[in-house]
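# Coordinate inspection notes
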Amino acid sequence: MDLENGMNQNRFKKESWRTVLTLAYQSLGVVYGDLSISPLYVYKSTFAEDIKHSETNEEIYGVLSFVFWTLTLVPLLKYVFIVLRADDNGEGGTFALYSLICRHARVNSLPNCQLADEELSSYKKHVTAPAASALGSSVKSTLERHRVLQKCLLVLALIGACMVIGDGVLTPAISVFSAVSGLELAMSKEHHKGVEVPVACIILIALFALQHYGTHRVGFLFAPVVVTWLLCISAIGVYNIFRWNPHVYKALSPYYMYKFLKKTQRGGWMSLGGILLCITGSEAMFADLGHFSQLSIQIAFTSFVYPSLILAYMGQAAYLSEHHDIDNGYRIGFYVSVPDNLRWPVLVIAILAAVVGSQAIITGTFSIIKQCSALGCFPRVKIVHTSSKVHGQIYIPEINWILMMLCLAVTIGFRDTKRLGNASGLAVITVMLVTTCLMSLVIVLCWHQSVFLALGFVFFFGTIEALYFSASLIKFLEGAWVPIALSFIFMLIMYVWHYGTLKKYEFDMQNKVSVDWLLGLGPSLGIVRVRGIGLIHTELVSGIPAIFSHFVTNLPAFHQILIFLCIKSVPIPHVKHEERFLVGRVGPREYRLYRCIVRYGYRDVQKDDLEFEKDLMCILAEFIRTGKVGAHNPGEDSEKEDERMAVIGTPSTHSEGIRMHEDEGNNPPHASTSQLTDYESPVTQPRKRVRFVIPESPEIDKGAREELQELMEARDAGVAYILGHSYVRAKQGSSLVKKLVINYGYDLLRRNSRAPTYALSVPHASTLEVGMAYQI
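Residues numbered from 1 in each chain as written. Predicted model: local features only at pLDDT ≥ 70, side-chain atom pairs only at ≥ 80, totals over all residues. Heavy atoms only, no water.

## Details of the confidence of the model for the protein chain
On average, residues of the protein chain score 80 in pLDDT, and 82% of them are at 70 or above. Looking at the elements of the protein chain, mean pLDDT is at its lowest for strand β9 (residues 674–676), recorded as 47, and at its highest for helix α20 (residues 451–473), recorded as 93. Every residue in residues 1–15 is under pLDDT 50, and counting partners more than four places away or in other chains gives nine contacts. This stretch, residues 666–687, has a pLDDT under 50; its non-local contacts, to residues over four places away or in other chains, come to 41 contacts. (pLDDT = per-residue confidence, 0-100. Helix = DSSP H or I, 4+ residues; strand = E, 2+ residues; numbered from the N terminus. Contact = heavy atoms within 4.5 Å.)

Okay, here's the thing in C-alpha cells:
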C-alpha cells in the first residue's frame, strides 16, 4: 500500500504495516510450503549411500554446517536481500527477469512489439540508479547487435522455465513420499511394508484431482498448516538440542565443512546433492513476489522460517550425534528424531504440510506456463481463472493431468527418496543458476551498476551453486536424468512453437498489403461494401494481413465498416486499463477502416468475455468522438502507423464518454442526453435496437456524428468475425531440419493447441474462417 502525504499519513502508515504483517502471515502458506518441508528428507538423502554416520560425528556435524551456511548464503543473502529487489513492477520469477532485461536492452523475442508499447507507464522501472558506465553500455550494445546472444538469452530463460516445470513433477512426489515414510516408524514392520507407495499415490491423485476447485477455497488453511509445522519442527529441534547435545551449535562453524570434506573426500562431494535439498523452494520467494510484497516476504523468512529451519536441522543433528545404532531399514530420517508419543500427530501434520508445499509448486508451474504462452513460447492451452478476487490463481487442465501422470510415474518408478532427491536437486539448482546468470545482466543493464559487481555476484553465488550442480549431475544415472529428460522435451516444444510462430509472423509481415492496393482492386474486381461490421483478427500491428487480401480477391465484398483487431502480449506483467487499447484509422476517414490493438501483460487476465464486442464498439465510438488521430497521409510510411494511433482506456476508465445501450424494439430510448438512435428496422420480429448515448459536452462535429451514426447502423446490422486458419509448410529448398520442425513439429503442436482466447467466445453462426497456405 502506497503511503500518502497529508494529514492522514500516520493512519495510512499504520494500515500499511498491518497490511505488510498480514501478507507476511499469508506468505507462509504459499511461498514457504516447499522450503519448510525440506527437513523431512535432507539428512535421509545425504546419508543414503555416499557417506556413513560414524562414532566421531564428523559427518553429521559437517552436514549441519553445510546446511546452515547454504541456507544463510542462498535463500537469506541471495534471494531475500538481493534478488527480491529485481522485481518487474512487483512481479518475480525467471521470466520477470527476462522481460526486464528485454525492455532495457531491446532484445525482446515478441515479434509484434511497437514503439507505442515503450510509452506504457510500467514499461520502464523507475529506479534511482547511476548512469550506465561505458563498459555497461558496451555490454548492452553487444547484446543488441548479435542475434545469437539474444537467442542464447531466450534459451537460458526457457531452460529455467523448463526446470520449474520439472520441479512441479518432482517436488510433490518427494514431499508426499517423504511425509508418508513416517509410517515406517509409526506402524509395525509387518504392517507398513509396501504401504508408503500406494498411500503416496492416493494422496497425489487427490491433490491433482482437486486443482480445478482453486486454492482460494482451502487457501485459508495453508498458512495455519505451515505455521503449525514450523512450530512443531522447531520445538522438536529445541527439545533434541537440550535433551541430547546442547553443544551442537559449535557445528555451525565453517571449520566443520573443511573437516567433513577432508575425511569423506569424493563421497562427501557426491553427498552434497542431498544437502542441496535444504533450499528447495527458495525460488518461490521470488516467483511468488507478485502475490505479496518484498517486505512481507523478507519479514516472514528472517523472523520465522529461517530460525525454525535452523533449529529443526540442529535438533536432528543433536539427536543423531548421540545415536549411532539406528536400524538401517529406517535409515537416517526425520522421524527417528521425533519422540515416540508424538510420531502420529507429527505424521499427520507432515502430510498436510507436504500437500501445501506441493500445491505451491503446482500453482507456480501453471503460472510459468501461462507466462511462456503469453510471450509466445508455449502452445496455447486452456487457462481457467479459479478466483475472481485473488490475482494469479489459475488452473490449466491439460498441464494438471500431465503433471499428475508424470508425478505418479516417478513415485512408482523410484520408490525411495534417494533417487527422487537426486532428480529434484538438479532441477532446483539449475533454476538457481539461471537466476544468477540473469541477475548479473540485471545488475548491469537495469541497475546500471559496475560490470565488476555483476561478475562478483556471478562468481560468489555461481561457485556455490556450481559445486552443488556438479554433485547433482554426477548422479545422472541415479535419478538426475529425469529433470534433464523432462526439460529437454518441454524445451523442444517451447522452441519449436516459438520458431514456428516467429516465422509465421515474418511471412505475414512480408506479404501484408496496403489499403491503397486493396481499394485499387475495386474497379477490376467489383468490390462492394455490405451492411454490418467485419472484425478481422490478425497478429499484425500495421498493414493489411495477407489472409484478408486472399479472402477479398476470391470473394470481392466486405463490410461497410472493417476493424482489424490485434490482441497481443507485451513484455510487462500488467497493462493498466486506461492504456489497454490502441485505436487508429487505416486509410482516409471516409474508408471506415480501423485498427484496434488490445494489449495485455504476461500476467494479465484474458478471460473469454462475451462483453468484449460491446466494449470494443464503445472504444471505437470514443475514438471517433474525441478525434485524437488525424487523417492518414498516403505518403507516410505504413510502418509508422502505430505512431498515429490513440491510446484509449477500457469503457470503465472514461465514465463520462460514450455509452452503448441495447433496447428492445418496442421500448423508446431515454432522452436524458444527446443520442444517436437507430432507424426503424424492416424486420418485423422483436429485436434489440442499438444506440449510443453521447455526453452533451464537448460538442462533436458533424463528420464525427455521421461516422458514429454509420457505426451504430453497422453494429445493428450485425458483426461478422473473420478468423484466419493457416496451413504452415516449409518452402521448397529448406533444410531437412527446418522441414521436420515446421511440417511436423509446429504443425502437430498447432493442430493440438487451443484456439486463441478471443476465438472461444465468438458466435459460430457469425464466424468465417479463411484458410491459407503459408510457405515459410
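## Notes on empty space enclosed by the protein
Counting across every chain of the model gives nine cavities of 30 Å³ or more. Approximately 330 Å³ is the volume attributed to the largest cavity. Forming the walls of the largest cavity are 24 residues, and the residues nearest its centre are V164, E283, A284, A287 and I361. Where the lining of the largest cavity is concerned, the elements lending two or more residues are α7 (147–180), α15 (283–287), α17 (343–374) and α19 (417–445). Considered class by class, the residues forming the lining of the largest cavity number 10 nonpolar, nine polar and five charged. (1 Å grid on protein atoms, 1.4 Å probe; cavity = no way out; pocket = protein on both sides within 12 Å on 5 of 7 lines; lining within 4 Å. Points joined across faces, edges and corners; volume = space filled by probe spheres on them. Nonpolar A, V, L, I, M, F, W, Y, C, P; charged D, E, K, R; others polar.)

## Some details on the pattern of salt bridges
For the coordinates displayed, the defined rule picks out 18 salt bridges. Of the charged contacts, one joins D117 and K568 as a salt bridge, the two residues approaching to 2.7 Å between their closest N and O atoms. Pair noted here: D117 is in the loop between α5 (94–105) and α6 (134–145) and K568 is in strand β4 (residues 557–570), with a separation of 451 residues, a long-range link. Assigned by exposure class, D117 and K568 land together as buried. (Salt bridge = Lys/Arg side-chain N within 4 Å of Asp/Glu carboxyl O. Buried < 20%, exposed > 50% of the residue type's maximum accessible area, 1.4 Å probe, protein only.)

## Some thoughts on a nonpolar patch on the surface
Together, L473, F476, L477, W481 and I484 make up a nonpolar patch on the protein surface, roughly 480 Å² of accessible area in all. On the secondary structure map, L477 appears in the loop between α20 and α21 (481–510). By relative accessible area, L477 is classed as exposed at 75%. (Patch = residues over 30% accessible without salt bridge, like charges linked within 9 Å, V, L, I, M, F, W, Y side chains within 5 Å. Areas by Shrake-Rupley, 256 points an atom, 1.4 Å probe, with all protein chains shown as cover.)

## Considerations on the pairing of strand β11 (residues 719–729)
In terms of strand pairing, strand β3 (residues 528–537) meets β11 through four bridges, oriented parallel. Bridge pairing links I536 to I722 in β11. As paired strands, β11 and strand β12 (residues 767–775) are joined by nine bridges and run parallel to one another. Considered in β12, the bridge of L723 is made with E769. (Pairing = 2+ DSSP bridges.)

## Considerations on α7
Each α-helix turn comprises 3.6 residues. Residues three or four places apart therefore point the same way. The end-to-end C-alpha separation of α7 is 50 Å, in line with the 50 Å expected for 34 residues at 1.5 Å each. At L170, α7 shows its maximal kink, close to 25 degrees; a proline, P172, follows between one and four residues later. Counting buried positions along α7 yields 26 of 34 residues, so the element is predominantly enclosed. (Expected span 1.5 Å × (residues − 1). Bend = angle between axes of the 7 residues up to and from the residue.)

## Some points on the environment of G421
One can find G421 in helix α19. Separated by 375 residues in sequence, G421 and T46 place their C-alpha atoms 9.1 Å apart. The residues touching G421, leaving out its near neighbours within four places in the chain, are I174 and L277.

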